[in-house]
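Chain by chain, the residues run as shown.
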Amino acid sequence: MTTTDGIISRATRLTDNYANAYNDFHGSGTPCIFKSGPSWRVPKGPEAQRINREARPVYRHPIEPTWRSIGKRIYDKLDSIGVKWTSINPLAYADAGEAKPFCPLILSIGVKPHSLLYDAAVTAAAAVVGILDEAGFPAIEVAFVESVVTRSVAAGPKLLSFEPFFDNVPDLRKPFTPALGLSIAPLKYPHFEGTAALYFRLSKDNKRTAMLTCAHVARPPPIFSNTSMTHRKMSQAREEFVALGIMSYSNAIKAMMTTIRHRHCSIKVWNDTVSWLGEPVEGEKSNVTRRRKECVWLVAKAKKEIEDVNEIHDEVTKHRATPDQRVIGFVLHSEIEVSVEPHDFTTDWALIKLYDEKIDWPTFKGNKVYIGGNLSIADFGNTMCPWHIDQATYRYPRGWCLLVLKNGSTTGTTVGRANGLESFTRIYDEYGVNHTSIEIAVLPYKSHSNFSDVGDSGSIVLARDGRIVGILTGGAGPTDRTSITYITPYWWIEKQIKAKYPGCFLFDE
């Protein structure tokens, strides 16, 4: 086979059997092996463009009361016929930009790439459709897609203080502060990165403070065969944690240098404009005078911003350049278990005990989420309150959709839609043993990018009024991206934390 033949073979691996393999879920990057039911609309003709499809959450569907039991029957059936499934997501689908989904509910069943042949997918889909038919839902479609579920985990001075309304260049300063969304990583393995979720006081009797994250962030499975542990004795070796792993630190420095370079380019353009306008002369047009003053002001503003960025750059590169200079605490407790009764949620949490001397306590803001960066004030308001009446009263949307947001170390502030039906996920360990759990899925919102990516594990997910919805534990999608994010409900995680540390409570400044 020639190289060209190999490329064509890979490109048509799925379309040889299922023509719409790359049309059905176009826009998510998720290839489809087979989908039951009627074919979805595909534009025809030489100028036709593929339709971007958007996953939508499902609320108040008649299947909701019995979905969990039906879902268990489905994955038991898949297990019995040897399908190595990774996720079962009950979703609606709409063409991008359309308000109403054209498909009110489809079961999108993920499998490892190259693990399921077309004929086997057709057989498995028929078995699932049979279960749905018996349950009284014959119209629900079933799709097998190639998708993997990931549990990703992307001695120095104090963390910097953070006052976003008053700090100069707050977006560049934030990564080096304790603001929620802080990138964290094990000191010995700083290339495994995650995100800090919340801060807890461990007891009312002392000021010991810990940060919540995922267990697979605290003790990455590729390194630790046993992710669970508790630090009980002073003599016990500490597994120390740092603020900013290798990638996050590098990205923060690159952002500073990029800002400086862009400001220098802008200064040159504005100075050239001032030179072209010439010196002020009596009787010149008012718009010429206004434009000259504007350019002079912009040059002064850019120069001041360059000074501010250089000041932060000098501080962090002199005193926080190596991981050991960014140590902020150690793993106090870590536990992970899937499908925990009675709700079958994943227990995946860890507490990192903070070193008191690493936090500037007088300026510490605790559990406040910075929503700047990716979204302007106007963007945030328009996104979270899309209706005019909603903007005026700030009540929940009249539609059946919970908008949520998070600030993660990798993707920053993002907005998504929480699904109304639970997803089932399946993780296979290196020995082929499977672990099944129930998760809450969060889907991308409108034209915004994916809700999360590698390194965002541990992020706290909030409703727009600030209520805590859950903690981000992973995602599913093609091997190189995350199109569906999974969270564990916060009330469940808090219950586990309080069982271990009865006196702990959320930090309140």
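It should be noted that the structure appears before, not after, this text.
Every value quoted in this text rests on a predicted model; they were computed, and no experiment measured them.

## Focus: the pattern of salt bridges
Side chains carrying opposite charge are able to pair once their charged atoms draw close together.
Then step 1. One pass over the structure, following the stated rule, counts 18 salt bridges.
Then step 2. A salt bridge links Lys 365 to Glu 163, with the shortest nitrogen-to-oxygen separation between them at 2.9 Å. In this pair, Lys 365 is assigned in the loop between strand 14 (345–354) and helix 8 (377–384) and Glu 163 in the loop between strand 6 (148–150) and helix 4 (170–173), connecting sequence segments 202 residues apart.
Then step 3. With a shortest N-O distance of 2.8 Å, Arg 219 and Glu 239 are connected by a salt bridge. One end of the pair, Arg 219, is in the loop between helix 5 (215–218) and strand 11 (229–230); the other, Glu 239, is in the loop between strand 11 and strand 12 (240–243), and 20 residues separate them in sequence.
Then step 4. Connected through shared salt-bridge partners, Arg 41, Arg 53 and Asp 95 make up one network.

## Re the packing of helix 6 (residues 246–277) against helix 7 (residues 286–319)
Then step 1. The interhelical angle for the contact between helix 6 and helix 7, taken along N-to-C directions, is 155°, at an axis separation of 9 Å. Taken together, helix 6 and helix 7 sit at an angle that is classed as roughly antiparallel. The element helix 6 and its partner helix 7 pack so that their crossing is left-handed.
Then step 2. Per-class residue counts for the contact of helix 6 with helix 7 are 19 nonpolar, 7 polar and 5 charged.

## A short note on the pairing of strand 10 (residues 209–213)
Then step 1. A large share of strand 10 lies buried, amounting to 5 of its 5 residues.
Then step 2. The alternating pattern of strand 10 places Thr 209, Met 211 and Thr 213 on one face and Ala 210 and Leu 212 on the opposite face, and all of these are buried.
Then step 3. Where strand 9 (residues 198–201) meets strand 10, 4 bridges bridge the pair, whose relative direction is antiparallel. For Phe 200, the partnering residue across the bridge sits in strand 10 and is Ala 210.
Then step 4. Note that strand 10 and strand 14 share 4 bridges and pair antiparallel. Each bridged residue has a counterpart across the sheet, and for Thr 213 the counterpart in strand 14 is Ala 350.

## Concerning the side chain of Asp 167
Then step 1. The topology assignment puts Asp 167 in the loop between strand 6 and helix 4.
Then step 2. Taking the relative accessible area as the measure of exposure, Asp 167 reaches 19% and is therefore buried.
Then step 3. One polar contact links the side chain of Asp 167 to the main-chain amide nitrogen of Glu 163, over a distance of 2.5 Å.
Then step 4. The contact partners of Asp 167, leaving out residues within four places of it in the chain, are Ser 161, Phe 162 and Arg 173.

## Examining the side chain of Arg 320
Then step 1. For Arg 320, the location among the structural elements is in the loop between helix 7 and strand 13 (327–340).
Then step 2. If we ignore the near neighbours within four places in the chain, the residues touching Arg 320 are Pro 157, Lys 158, Leu 159, Leu 160, Phe 176, Tyr 249, Glu 315, Gln 325 and Arg 326.

## Section: helix 7
Then step 1. For helix 7, built from 34 residues, the straight-helix expectation of 50 Å at 1.5 Å per residue is met to within 8% by its first-to-last C-alpha distance of 50 Å.
Then step 2. Within helix 7, the full set of buried residues consists of Arg 292, Cys 295, Leu 298, Val 299, Ala 302, Glu 305, Ile 306, Asp 308, Val 309, Ile 312, His 313 and Val 316.
Then step 3. Considering only its buried residues, helix 7 is in contact with helix 4 and helix 6.

## Structural notes on helix 6
Then step 1. Over its 32 residues, helix 6 runs 47 Å from end to end, which matches the ideal 46 Å to within 8%, given 1.5 Å per residue.
Then step 2. Within helix 6, the full set of buried residues consists of Ser 248, Tyr 249, Ala 252, Ile 253, Met 256, Thr 259, Ile 260, Ile 267, Trp 270, Thr 273 and Leu 277.
Then step 3. Along its buried surface, helix 6 packs onto helix 4, strand 7 (183–186) and helix 7.

## Here's the deal with the packing of aromatic side chains
Then step 1. Evaluated as defined, the whole model comprises 19 aromatic pairs.
Then step 2. With a centroid separation of 6.0 Å and an interplanar angle of 65°, the aromatic rings of Tyr 18 and Phe 34 are classed as edge-to-face. Taken together, the residues Tyr 18 in the loop between helix 1 (3–11) and strand 1 (32–35) and Phe 34 in strand 1 connect sequence positions 16 residues apart. The pair formed by Tyr 18 and Phe 34 is uniform in burial state, with each residue classed as buried.
Then step 3. Centre to centre, the rings of Tyr 189 and Phe 224 are 6.0 Å apart; their planes meet at 85°, and the pair counts as edge-to-face. A residue pair is termed long-range when its members are at least 10 positions apart, and Tyr 189 in the loop between strand 7 and strand 8 (194–195) and Phe 224 in the loop between helix 5 and strand 11 qualify at 35 residues.

## Some details on the environment of Asn 310
Then step 1. Note that Asn 310 resides in helix 7.
Then step 2. In sequence terms Asn 310 and Met 256 are 54 residues apart; their C-alpha atoms lie 8.0 Å from each other.

The rules we used
Residues numbered from 1 in each chain as written. Predicted model: local features only at pLDDT ≥ 70, side-chain atom pairs only at ≥ 80, totals over all residues. Heavy atoms only, no water. Salt bridge = Lys/Arg side-chain N within 4 Å of Asp/Glu carboxyl O. Helix = DSSP H or I, 4+ residues; strand = E, 2+ residues; numbered from the N terminus. Axes fitted to C-alpha atoms, helices over the stretch in contact; angles between N-to-C directions. Parallel < 35°, antiparallel > 145°, perpendicular 65-115°, else oblique. Left-handed = near helix turned anticlockwise from the far one by under 90°. Nonpolar A, V, L, I, M, F, W, Y, C, P; charged D, E, K, R; others polar. Buried < 20%, exposed > 50% of the residue type's maximum accessible area, 1.4 Å probe, protein only. Pairing = 2+ DSSP bridges. Polar contact = N/O pair within 3.5 Å; in protein donor to acceptor, adjacent residues only side chain to side chain. Contact = heavy atoms within 4.5 Å. Expected span 1.5 Å × (residues − 1). Phe/Tyr/Trp six-rings, centres within 6.5 Å; stacked < 30°, edge-to-face > 60°.

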